[in-house]
Amino acid sequence: LEVDAPEGWRAHTALEARDGAFLARDYDRLVDCPIEIGPHESHRFEAGGKPHELVVHGSGNLEVERALDDLRRICETEIEFFGNAPFERYLFILHLTHDRGGGLEHADSSALARPKLKFRHEKECRKFLTLVAHEYVHVWNVKRIRPEVLLRYDYTQEVYTRLLWVFEGITSYYDELIPVRAVCYEPRHHFELLCEHIRSERGRPGRLIHSLSESSFDTWIKLYRPSPDASNSQTNYYEKGLLVSFLLDLHLRERSGGKCSLDDVMRHLWSEIHLKGLGVPEDGMSELIASATGVDVTDFLHEHVERAGNLEYEAALATVGLSLGPKKRSEDEDPKSWIGATITTQGDRSILSGVVTGGPAHAGQLMAGDEIVALDGHRVGPDLEDRLKVYRPGERAWWTAFRRDRLVKGSLEFGEDPNPPLEIRPVKASTAAQKKAFTAWTTVKWDEAWAHRKD
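Since the model is a prediction, treat every value here as computed from it, not as a measurement. Residue positions are given per chain, counting from 1 as you read along its sequence in written order. Restriction of local features to residues with pLDDT of at least 70 applies here, the model being predicted, together with a cutoff of 80 or more for giving and counting side-chain atom pairs; totals for whole chains, interfaces and linings are based on all residues. Each side-chain value is derived from all of the structure's non-hydrogen atoms; neither hydrogens nor water enter the calculation.

Asks: Help me out: how do you make sense of the pairing of strand β5 (residues 41–47) in this one?
Replies: Paired strands are those between which DSSP finds at least two bridges. Think of it this way: any DSSP run of H or I at least four residues long counts as a helix, any run of E at least two long counts as a strand, and we number them from the N terminus. Pairing analysis gives seven bridges linking β5 to strand β6 (residues 50–57), with the strands arranged antiparallel. For A47, the partnering residue across the bridge sits in β6 and is K50. A loop of two residues connects β5 with β6, the two strands running antiparallel in sequence, and G48 in this loop sits at a positive phi of about 60°.

Asks: Whenever I open this one, the pattern of salt bridges confuses me. Can you help?
Replies: A side chain with one charge may pair with a side chain of the opposite charge, provided their charged atoms come close. Definition used for salt bridges: Asp or Glu carboxyl oxygen within 4 Å of a side-chain nitrogen of Lys or Arg. Counted by the stated rule, this structure contains 32 salt bridges. Among the ionic pairs, D32 bridges to K143, the shortest N-O distance being 2.9 Å. Residue D32 is found in helix α1 (residues 27–32), and its partner K143 is found in the loop between α3 (122–137) and α4 (164–181); the two are separated by 111 residues along the sequence. Think of it in three bands: residues with accessible area under 20% of the maximum for their type are buried, residues over 50% are exposed, and the middle band is partly exposed, with areas taken using a 1.4 Å probe on protein chains only. Residue D32 is classed as buried on the basis of its relative accessible area of 11%. Judged by its relative accessible area of 14%, K143 is buried.

Asks: Sorry if this is basic, but what is going on with the environment of R453 here?
Replies: Structurally, R453 can be placed in the segment after α16 (446–449). For R453, a relative accessible area of 22% translates into the label partly exposed. Separated by 14 residues in sequence, R453 and T439 place their C-alpha atoms 17 Å apart. Whether two residues touch is decided by their heavy atoms; if any such pair falls within 4.5 Å, the residues are in contact. Sequence-distant contacts of R453, that is, excluding residues within four places in its chain, are made with E423, R425 and P426.

Asks: Can you walk me through the pairing of strand β12 (residues 341–346) in this structure?
Replies: In the case of a regular strand, side chains alternate between the two sheet surfaces. Relative to strand β13 (residues 349–355), β12 is paired through six bridges, and the arrangement is antiparallel. By the bridge assignment for β13, Q346 is matched with R349.

Asks: Please clarify how the sheet that holds strand β7 (residues 90–97) should be interpreted in this entry.
Replies: The strands making up a sheet associate through backbone hydrogen bonding, with each pair oriented either parallel or antiparallel. Spatially, β5-β6-β7-β9-β8 is the arrangement adopted by the five strands of the open sheet, whose pairing is mixed. Edge positions in the open sheet fall to β5 and β8 (102–105), since each of these has one partner strand only. Each strand of the sheet is rotated relative to its neighbour by a mean of 15°, with strand direction disregarded. With axes taken as lines fitted to C-alpha atoms, and helix axes fitted only over the stretch in contact, angles between N-to-C directions fall between 0 and 180 degrees. α3 rests against β6, β7, β8 and β9 (109–115) of the sheet, and its axis sits at about 165° to β9.

As structure tokens, then:
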């Protein structure tokens, strides 16, 4: 592949450079390597004895030196986790965008996007680090460890697997834990993210009817083709997969007496599946986990992966000296009203983009797609979210909306959110065994993890 770039521009790619061109050993390799061409900033660092490069497109408030230090820590932690770096060099391509983010993994590179002005906010910085950690875990888990059905790519048709919860869910679990182990942020920050996921999953009625394995299998027809009713009819193999992976990790640690964990499962998949040229069979995770840890998880996977339903966290958290509960409200903070709907602003209009089954909006006969134009006889524009804040749980409001081109009316009674913000806290009477298990899991000593708390 030859790139005829304008003067002053460079082509950045993981493809091998040879004689002024780039070489790909086959078609799979060619399409797996994105190519960034332009007068970009380029920053190099080393991790695990291998050269890495960060190429940045766009401008913003990214603190490059801090980012490079965090990237190096994350990369070194993951290389040490798996035992080797299966590439000669690695390329991060980062696009600084107006307001969008995301990422895509490749065998020895990744394409990342983050809002350009959100790097000064610590929480947003942590989200950037989880994005980096996620795509880098994919070097091993997805790009090399794969389901059997994806060992050979077929570009002519969709390929279905029930194992995406393993490949994206487990990766999502580690993308928030790895930065703790890499000392990029503290365990409490990991727990904040975990609580957000737990709350999000609990707020999705589809979790009760759509299993994790079904979510994996349905990705072609559901996840990337969302409908307004998606939260009522589907679960998500990324988020629920993360939560089940978290529960599985603590389950393995507790059942093995602290001798084994999900870490051992991932290293087993690397050495006994990928390095032997194999793929993960569709029904093979239970046997592979047992081989790696000696723990029979047949019933666990049946309950958490094959069946739809709620997830329970308290017993698992107790094994590492933690508890889960509602975040404490300040004494002067009033309970917030809740209607059970997602609101989207389109210009000067407020539209319900989703309505939760069984919530106040649903009970009040509102539907996804309704444009709310008045509350209690007063016009509503793009300010619906603020207007709803003046109501208290138990109060009633009359609404007027356009449903397509038809004017409809009704009333709803405000409720109190049944799924309030959560907090993971240390158990005050934690035992030495629980503290030891906590440190083995996070690699952070118990007293150091909770030094910030005054209670």
